[in-house]
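Take a look at the letters that make up each chain.
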Amino acid sequence: MSKRKYINALAKHFCSSLHIASHDLKKCIWLWVIYIKHIIIQKKYEPKESFFKSFKDNNQYTQICCNTELKLTDNSYELIFFEWAKKISRQPLLFFQRFPDKEYNYNFSGQEAFLSKLPKLEVTSIKPSTFFEGITFDNVIFESICLEKICFHNCIFRNCDFSNIISCKTPSLFIVPDFKQGFSACDFYNCNFKKCILDNIFFSIGSLSHTIFDSITLCKCVFHRMNFNHVVFLGKTIMNQTSILSPSHNFNIIFRGSMEDFHVDSRCKIAAFCYHDIVNFTIRQYRTHRLFKSSTYGEIADTYYAIEQIWTSNHIREDDNHIANFYYQRKKAETRSKKGISAFPYYLLEAIIGYGEKPFKAFIMHNLFNTIIQLYLYVYWIYTQLLYLFNQLF
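The structure reproduced in this document is the subject of the present report. (Residues numbered from 1 in each chain as written. Predicted model: local features only at pLDDT ≥ 70, side-chain atom pairs only at ≥ 80, totals over all residues. Heavy atoms only, no water.)

Describing the packing of aromatic side chains
- Going through the model one piece at a time under the given rule, you end up with 40 aromatic pairs.
- Between Phe 51 and Phe 202, the ring centres sit 4.8 Å apart and the planes meet at 15°, which makes this aromatic pair stacked. Residue Phe 51 is found in the loop between helix H1 (3–42) and strand E1 (62–65), and its partner Phe 202 is found in strand E16 (residues 201–214); the two are separated by 151 residues along the sequence.
- When the centroid spacing of 4.9 Å and the interplanar angle of 10° are considered together, the rings of Phe 142 and Phe 162 count as stacked. With Phe 142 in strand E6 (residues 140–143) and Phe 162 in strand E10 (residues 161–163), this residue pair connects regions lying 20 residues apart in the sequence. In this structure, Phe 142 and Phe 162 share a single accessibility class: buried.
- Sitting over the face of the ring of Tyr 275, Arg 336 holds its NZ or CZ atom 5.3 Å from the ring centroid. (Phe/Tyr/Trp six-rings, centres within 6.5 Å; stacked < 30°, edge-to-face > 60°. Helix = DSSP H or I, 4+ residues; strand = E, 2+ residues; numbered from the N terminus. Buried < 20%, exposed > 50% of the residue type's maximum accessible area, 1.4 Å probe, protein only. Lys NZ or Arg CZ within 6 Å of the ring centre and 35° of its normal.)

Structure below.
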C-alpha cells in the first residue's frame, strides 16, 4: 500500500470514528436530559416503596422466583458503540429498565403464545401466600381461583383467560385498603377477564394491552401507573372504591354497551394522565412514542370523555378534592393531540383560563399579566425620564 492510500484510509477511519463518537455523545446527552427531566418533574410523585416490596424476600410467602438479576444487556444500549458512552449512559438507562428483562423469564406453559396448536393449560388452584417473579404464562386458563395473599411480579400473561376469579377479602380497620394480592410490573397481552370478582387487588406499573374485562366487579382495587392500550370493558361492570392513579404511556379504554351496565360509586377516583412518566417505556418505545404521540393523546381525550359520561349517568358530582376534572383532562389531551401552530390558541387557553375549569389559574395569569404590563410601563417611564435629562444636559 502506498503512503497516499495509507493516509487516505487513516483519514476515513478517523472521520468514521469521529462520526460514531458524536452519535454516541448525542445519545448520552439525550438520555441524561430525559433522566434529569424525570427527576425534576416525575420522581416527586413516585411512592416511597413499590407494592411488591412487602412480598419479596418475605418469609411469610413462598418464593417462586426466576430471572431476578437486574442487568443492562447489549439491547439496552441500542446503537451505543464506545465503552465510555455506555458508562456515561448507565444511570439514565436504569430508569428505562427498573426490573430484569422479561425476555429471560421462565416459560411456565412451554408454549408459544400465538403459534401453539396445543390446548391451553388450565390452572384451577394457587397456594395462598405465594410470590411469583420472572415467569411468562402463555396460553393459560386460570379457572375459579381464589387469590389469597398472592403477588405476581415482573411476569407476562400472554393470550391468557381469567374466568370466575375471586380474591380474598382482607378486613382492615383503616379507610385506605390494605392490598394483600395483585400484579406488579406485569404485562398482559390479549387476555380476557370474565365474571371475576376482584377485591383488594393492585395492578401497579405494567401494561394492559388488547385486554377485555367482561362482566367484572372491582372493589377496593387500584390501577397504579398502568399502560392501558386498547382495554375493553363490556357486560355489567361494577366499580366500588376503585382508583386509576397516574396512568402512563397510554390511556385507551373502550366501554361497550349501554351506560346502565356501568356502575361506579362516588369513592372511585380517576387521576390525571401522567405525560412525563417513563416507567412503562423502553428506549425504542419512547422514541416511537414521540413520533406518534398526537394520536395517543387523541385516544386519551376519548377515554376521559367516556368516563365523564359514565360518571354523569351514575349521578356522581365531580369534586376536585376526590376525582380529576374530566373535562379539563380531556381538553388538555386534545390540545396535545394537535400539531404545529394550530395548537397555540389551545395552549394559550390552558395557560390563561384553564379551559374555564381552573379559576385560580386564571387569577394567577391575570395578576402576572398585569404585573408584566406595569413593569413595562415603569421601565418605559424611566427611559423617557433619562432621555429628557440627556436632552437637557446636551
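On we go from here.
Brief notes about helix H5 (residues 326–337)
- Taking 1.5 Å per residue, 12 residues should reach 16 Å; H5 reaches 16 Å between its end C-alpha atoms and fits that length.
- With respect to burial, H5 is a largely interior element, nine of its 12 residues being buried. (Expected span 1.5 Å × (residues − 1).)

With respect to the environment of Asn 240
- For Asn 240, the location among the structural elements is in strand E19 (residues 237–240).
- Residue classification places Asn 240 among the partly exposed residues on the basis of a relative accessible area of 27%.
- Through-space distance from the C-alpha of Asn 240 to that of Cys 221 is 8.2 Å; in sequence the pair is 19 residues apart.
- With residues up to four places along the chain from it excluded, the contact list for Asn 240 reads Leu 218, Cys 219, Lys 220, Asp 265 and Cys 268. (Contact = heavy atoms within 4.5 Å.)

Some remarks on the nonpolar core
- If you look at the biggest cluster of nonpolar residues, it comprises 55 residues, and the most contacted ones within it are Phe 142, Phe 152, Phe 157, Phe 162, Phe 188 and Phe 251.
- If you tally residues by element for this core, the top one is helix H4 (residues 283–313), at seven residues.
- When neighbours within four sequence positions are excluded, Phe 157 is seen to be in contact with Phe 137, Phe 142, Phe 152, Phe 162, Phe 183, Cys 186, Asp 187, Phe 188, Tyr 189 and Cys 191.
- Counting residues in each nonpolar core, the second largest holds 15 residues, with Tyr 35, Phe 96, Phe 281 and Ile 283 among its members. (Core = buried A, V, L, I, M, F, W, Y, C linked by side-chain atoms within 4.5 Å.)

Here's the deal with H4
- Most pronounced at Phe 292, the bend in H4 amounts to some 75°.
- Count one or two residues on from H4 and you reach His 315, which has phi positive near 60°. (Bend = angle between axes of the 7 residues up to and from the residue.)

Notes on a nonpolar patch on the surface
- On the surface, a nonpolar cluster with roughly 860 Å² of combined accessible area is contributed by Leu 375, Tyr 378, Val 379, Trp 381, Ile 382, Leu 386, Tyr 388 and Leu 389.
- You can call Val 379 partly exposed: its relative accessible area is 47%. (Patch = residues over 30% accessible without salt bridge, like charges linked within 9 Å, V, L, I, M, F, W, Y side chains within 5 Å. Areas by Shrake-Rupley, 256 points an atom, 1.4 Å probe, with all protein chains shown as cover. Salt bridge = Lys/Arg side-chain N within 4 Å of Asp/Glu carboxyl O.)

Structural notes on the layout of surface pockets
- Within this model, the largest pocket holds a volume of roughly 1,200 Å³.
- Of all elements in the fold, only helix H2 (74–77), helix H3 (83–96), strand E9 (156–158), strand E13 (187–189), E16, strand E18 (222–234) and H4 reach the threshold of two or more residues within the lining of the largest pocket.
- If you tally residues by element for the lining of the largest pocket, the top one is H4, at nine residues. (1 Å grid on protein atoms, 1.4 Å probe; cavity = no way out; pocket = protein on both sides within 12 Å on 5 of 7 lines; lining within 4 Å. Points joined across faces, edges and corners; volume = space filled by probe spheres on them.)

Section: the pattern of salt bridges
- Summed over the entire model, instances satisfying the criterion amount to nine salt bridges.
- Residue Glu 133 is joined to Lys 56 by a salt bridge in which the shortest nitrogen-to-oxygen separation is 2.6 Å. Placement of Glu 133 in strand E4 (residues 130–133) and of Lys 56 in the loop between H1 and E1 is noted, with a sequence separation of 77 residues between them.
- On the basis of relative accessibility, which here comes to 3%, the residue Glu 133 falls in the buried class.
- Among the residues examined, Lys 56 registers a relative accessible area of 25% and is labelled partly exposed.

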